[in-house]
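Examining the three-dimensional arrangement
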Amino acid sequence: MIKAIFFTRFHPKKGSRVLHQVPEGSITPSSSPSALRQPLFHFPSISDYIIPRQEFCDRLVTVCTSHYRIIGYPVCINDEARYNRNEFIFNFALVLEEDVTDWGSYASVVRKLGRLLRGLEEQGGFLSKEEDPKWFEGDDDEWEVKAVDDDDKKVKYQDHAIEGLDWTKEELDNQVDTANSDVWEVGLVPSVSGKVYALCEMILEDLNNYCECMIPIDDSNTINLKLFPTHAPPAPVFAWHVPLLTIDLSSFSSPTISSDLTLNRILPYIDGTHSVSHISQLADTDLGLTRKAVQHLVYYGCVILLDIFQFSAIYAPTAEIGDFIVDENLQEECASRNENEETFALDASQHEESEAELEDDNDSGDETDPYRISKETLVTLYTSLKQGLTLRTWCLENFELLTRIDLRRLITFGVIKGFLYRVHKYAVATSSSLPGSDEEVRGTEGHEGENEGRRGTLQGSDPSRELPLARYLDGVHSFDQICTELRLSEKEVMDKIKGFGEVQAIYR
């Protein structure tokens, strides 16, 4: 959230001066009744960074002070005929809290705004024409009284940025006292109504409330700003991940999708059942490009990644299972998504009988659907999953409860909602069981010929002791990764692992 916006201008003799600030008193002290009691930070101490040397102009500048982050884009316009000392330096900056993590989106807004204001100033002096050159660049801070109206005792003055307003003598004396005070020396300027000040107010309000703004400047210029959300870099996408679309991409006519050849070829195969490796094979695309395309979809929230569905897998409930037990809306959503309509559809006669039974039940006050998955069944099924229980064994134990349920959807729903997690399987082999280990070498010292023969037996004649499989037996690579990269089933992997001697399976 933006805490303040201010517009500062470089004075050739007095340095950086704040011309407009929203809210009042947020950057420099102000005499306005609505001003803040004290500024958010000490402006003179950072003024050299807000209006830096010309070498640092037209670049994004960020400064952190007093737990606030100031983001600015100082601009320097050179014009000998228009400006004093041939240049006009200004900065339109935003103030955020220092701990804001997505300040990059605000930085792009500041950069765009600085370039837009440069163009407006070069076209018609949008910024400089609201200033009074005599007041801003003069050596005397005193104001000249133009005329005094004795009837209403109001004073008209001329050497001020807001020439034309009427003040009483008492109000004018107060303003002169303020101008001659020590506060004036650090750059205090009375905030005035004008296009630039109104621009500050609208940008602050619209960006904070709507994250975008569209402000017309004149008939041919409009300022359009938008805060785009920033996403964290997506996690790496591996060959054994299973992508599942969360939106219907066929309804979008995005040029990115239509121009990405790899994405166009893999989209028909992203259905929540094929792994990235399998999708690459079906679409006849490079695996590296397929992984990158899926990663882009994950970044924009179009795809979520699941594990390969297998009956040898193990699933267990998380701490969020309690939310599912008490949330009837979530239970209803689960029941509507997991009905297996194709396998358990009723024929015409059964359907008529069921309707008659339902009418009888409705007459008796019971409105339950006997063919609807009950919420109690779903709770029983999810809570019966546990560590050490494979999905195959779980299905056999709950065969009657699963007769009308799509098992894949049931498990996937729990994983997506976060109250189920996959228990992965890893293999760890002892060092003595691996071919070429130190124990084997020490056990055959002094028998070089016998040792060479044994190595030939281990690595040559026995295909189950191949090194490509041995490098996965360190407890770091899951069986999903092993089976996908070696293109073997879990049973084939287990058969080959037996040739390595003592190998322990770890579930976590």
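Residues numbered from 1 in each chain as written. Predicted model: local features only at pLDDT ≥ 70, side-chain atom pairs only at ≥ 80, totals over all residues. Heavy atoms only, no water.

Going by this rule: UniProt positions are given in the numbering used here, feature names are shortened, and annotations may be inferred rather than shown by experiment.
The name that an unreviewed UniProt entry assigns to the protein chain is Nitrogen permease regulator 2, with the source organism given as Glonium stellatum. Heading Sequence similarities (unreviewed entry) of the UniProt record for the protein chain holds this comment: "Belongs to the NPR2 family."

A closer look at helix α1 (residues 43–50)
Turn by turn, an α-helix covers 3.6 residues, leaving residues three or four places apart pointing in a common direction. Going by this rule: Buried, partly exposed and exposed residues are distinguished by accessible area as a fraction of the type maximum, computed with a 1.4 Å probe on protein chains only: under 20%, between the cut-offs, and over 50%, respectively. Put simply, DSSP H or I for four residues or longer makes a helix, DSSP E for two residues or longer makes a strand, and each gets a number counted from the N terminus. Arc, as used here, means the arc of the directions from the helix axis to the C-beta atoms. Whether two residues are in contact is decided by their heavy atoms: any pair within 4.5 Å suffices.
Considered for burial, the residues of α1 that qualify are Phe43, Ile46, Ser47 and Ile50. Along the long axis of α1, the arc covered by the buried residues comes to 140°, so they all point the same way. Looking at the buried positions of α1, the neighbouring elements they touch are β1 (4–11), β2 (15–22), β3 (61–65), β4 (68–72) and β6 (87–97).

Structural notes on a negative patch on the surface
The condition is simple: A patch consists of residues whose relative accessible area exceeds 30% and which take part in no salt bridge; residues with like charges are grouped when within 9 Å of each other, and nonpolar side chains (Val, Leu, Ile, Met, Phe, Trp, Tyr) when within 5 Å. Note that accessible areas follow from Shrake-Rupley with a 1.4 Å probe, and for residues the cover is restricted to the protein chains shown. The salt bridge criterion pairs a side-chain nitrogen of Lys or Arg with a carboxyl oxygen of Asp or Glu, the two atoms within 4 Å. The charge count treats Lys and Arg as positive and Asp and Glu as negative. His and the chain ends do not count. To locate a charge, take NZ of a lysine, CZ of an arginine, CG of an aspartate or CD of a glutamate.
On the surface, Glu320, Asp323, Asp327 and Glu328 cluster together into a patch of negative charge. Assignment of secondary structure puts Asp327 in the loop between α11 (321–326) and α12 (328–337).

Here we look at the sheet that holds strand β16 (residues 425–429)
Backbone-to-backbone hydrogen bonds pair the strands of a sheet. The strands run either parallel or antiparallel. To keep things clear, this is the line we draw: Any two strands with at least two DSSP-identified bridges between them are counted as paired. Here an angle of 0 to 180 degrees is reported between the N-to-C directions of two axes, which are lines fitted to C-alpha atoms, with helices fitted over the stretch in contact.
Read across the open sheet, the three strands follow the order β17-β16-β18; overall the sheet is antiparallel. Of all the strands in the sheet, the pair left with one neighbour each is β17 (474–478) and β18 (503–507). Across the sheet, the mean angle separating the axes of adjacent strands is 30° when strand polarity is ignored. Running over the sheet, helix α20 (residues 479–486) touches β16 and β17 and is turned about 65° from β17.

Observations regarding empty space enclosed by the protein
Note the cut-off: Cavities and pockets are found on a 1 Å grid laid over the protein atoms alone: a cavity is a set of points where a 1.4 Å probe fits but cannot escape, a pocket is an open set with protein on both sides within 12 Å along at least five of seven lines, and a lining residue has an atom within 4 Å of such a point. Grid points are joined across faces, edges and corners, and a volume is the space filled by probe spheres set on the points. Each residue gets one label: Ala, Val, Leu, Ile, Met, Phe, Trp, Tyr, Cys and Pro are nonpolar, Asp, Glu, Lys and Arg are charged, and the others, such as Gly, are polar.
Tallying each qualifying case throughout the model produces three cavities of 30 Å³ or more. In this model, the largest cavity occupies a volume close to 120 Å³. In this structure, the largest cavity is lined by Val242, Gly272, Thr273, Leu306, Asp307, Ile308, Phe309, Tyr315, Arg408, Ile411, Thr412 and Val415. Broken down by element, the residue count for the lining of the largest cavity peaks at four residues, all from helix α16 (residues 407–417). Residue composition of the lining of the largest cavity, by class: seven nonpolar, three polar and two charged. Within this model, the second largest cavity holds a volume of roughly 80 Å³. At the level of elements, β15 (420–423) and α20 are the ones that each hand at least two residues to the lining of the second largest cavity. Tallied by class, residues from the lining of the second largest cavity come to five nonpolar, four polar and four charged.

A few points about the pairing of β3
In this structure, β3 lies alongside β4, joined through five bridges in antiparallel fashion. Its bridge partner lying in β4, Val63 is registered against Ile70. From the end of β3 to the start of β4, which pair antiparallel, there are two residues, and Ser66 there has a positive phi angle of about 55°.

Thoughts on the nonpolar core
Condition: For the purposes of this section, nonpolar cores are sets of buried Ala, Val, Leu, Ile, Met, Phe, Trp, Tyr and Cys residues that join through side-chain atoms within 4.5 Å.
In this structure, Phe92, Leu117, Leu199, Ile203 and Ile223 are the most contacted members of the largest nonpolar core, which totals 38 residues. Of all the elements in the fold, those that place two or more residues in this core are β1, β2, β5 (75–78), β6, α2 (103–124), α6 (195–210), β10 (212–216) and β11 (222–226). Look past the residues within four positions of Phe92 in its chain and what remains in contact with it is Ile5, Phe6, Phe7, Ile71, Gly72, Tyr73, Val110, Leu113, Leu117, Leu199, Cys200 and Ile203. By size, the runner-up hydrophobic cluster in this structure holds 26 residues, among which are Leu330, Ala335, Leu385 and Ile405.

Concerning the layout of surface pockets
There is about 430 Å³ of room inside the largest pocket. Lining the largest pocket are 17 residues, and of these Leu244, Arg337, Arg409, Thr412 and Ile416 sit closest to its centre. Where the lining of the largest pocket is concerned, the elements lending two or more residues are β12 (242–245), β13 (303–306), α12 and α16. For the lining of the largest pocket, the element with the highest residue contribution is α16, accounting for six residues. Of the residues contributing to the lining of the largest pocket, the split by class is six nonpolar, five polar and six charged.

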